Amino acid sequence: MARGGARPGAGRKKKVIAPEYSGPHIENYATLTPFTYWLAVLRDPLAPPDWRLMASDKLAPYMHARVAPKQLEGGQGELLLEDQSSEKSVFSALPPPMRH
């Protein structure tokens, strides 16, 4: 009775190397800006998830407006300061951190 030897499917599996991403396909490089490049990366379905995540981080300040400061209801143009607002912070209900 024979023992040992090579068996099909035995051993460590070969490492699969993914093809390297070289960037999005851009037709006109003459008018390329960083904004259009990252937008092309974000819209490219072949882009790896980490590239698309980085593109979304870089584009977020340009795609979404910032929140305007709150104003008084009288419309007098005075801005509310953070400590004067009637809304409480989520963290104000938490107990202070414990010291050991």
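Structure: above.
In short, a report on the structure. Since the structure is predicted, the reported quantities are computational estimates derived from the model, not experimental observations.

## Some details on the overall build of the protein
A tally of regular secondary structure across the protein gives 2 helices and 0 strands. Within the protein, buried positions represent 12% of all 100 residues. Here the contacts in the protein between residues at least 6 apart in sequence split such that 16% fall between residues at least 24 apart. A total accessible area of about 10,000 Å² is found for the protein, and carbon and sulfur atoms account for 58% of it.

## Digging into helix α2 (residues 49-63)
With 15 residues, α2 ought to run about 21 Å at 1.5 Å a step, and its terminal C-alpha atoms sit 19 Å apart, in line with that. For α2, the principal kink sits at aspartate 57 and spans about 30°; a proline, proline 61, occurs within the next four residues.

## Overview of the environment of glutamate 20
Considering the arrangement of structural elements, one finds glutamate 20 in the segment before α1 (34-43). Classification of glutamate 20 by relative accessible area gives exposed; the value is 78%. Remark: the alpha-carbon pair of glutamate 20 and alanine 47, spanning 27 residues in sequence, is separated by 9.8 Å.

## A short note on a nonpolar patch on the surface
On the surface, Phe35, Tyr62 and Met63 cluster together into a nonpolar patch covering about 360 Å² of accessible area. Inspection of the secondary structure assignment puts phenylalanine 35 in helix α1.

## Some thoughts on the environment of alanine 40
Following the sequence through the fold, alanine 40 ends up in helix α1. Here the alpha-carbon distance between alanine 40 and alanine 55, two residues 15 residues apart in the chain, equals 8.9 Å.

## Quick word on the packing of aromatic side chains
Tallied over the full model, the rule gives 3 aromatic pairs. Ring centres of tyrosine 21 and tryptophan 51 lie 4.9 Å apart, and the angle between their planes is 80°; on these two criteria the pair is classed as edge-to-face. One end of the pair, tyrosine 21, is in the segment before α1; the other, tryptophan 51, is in helix α2, with 30 residues separating them in the sequence. Ring geometry for phenylalanine 35 against tyrosine 62: centres 6.4 Å apart, planes inclined by 80°, an arrangement best described as edge-to-face. Of this pair, phenylalanine 35 sits in helix α1 while tyrosine 62 sits in helix α2; the two residues are 27 residues apart in sequence, bridging distant segments of the chain.

Parameters at a glance
- Residues numbered from 1 in each chain as written.
- Predicted model: local features only at pLDDT ≥ 70, side-chain atom pairs only at ≥ 80, totals over all residues.
- Heavy atoms only, no water.
- Helix = DSSP H or I, 4+ residues; strand = E, 2+ residues; numbered from the N terminus.
- Buried < 20%, exposed > 50% of the residue type's maximum accessible area, 1.4 Å probe, protein only.
- Contact = heavy atoms within 4.5 Å.
- Areas by Shrake-Rupley, 256 points an atom, 1.4 Å probe, with all protein chains shown as cover.
- Expected span 1.5 Å × (residues − 1).
- Bend = angle between axes of the 7 residues up to and from the residue.
- Patch = residues over 30% accessible without salt bridge, like charges linked within 9 Å, V, L, I, M, F, W, Y side chains within 5 Å.
- Salt bridge = Lys/Arg side-chain N within 4 Å of Asp/Glu carboxyl O.
- Phe/Tyr/Trp six-rings, centres within 6.5 Å; stacked < 30°, edge-to-face > 60°.

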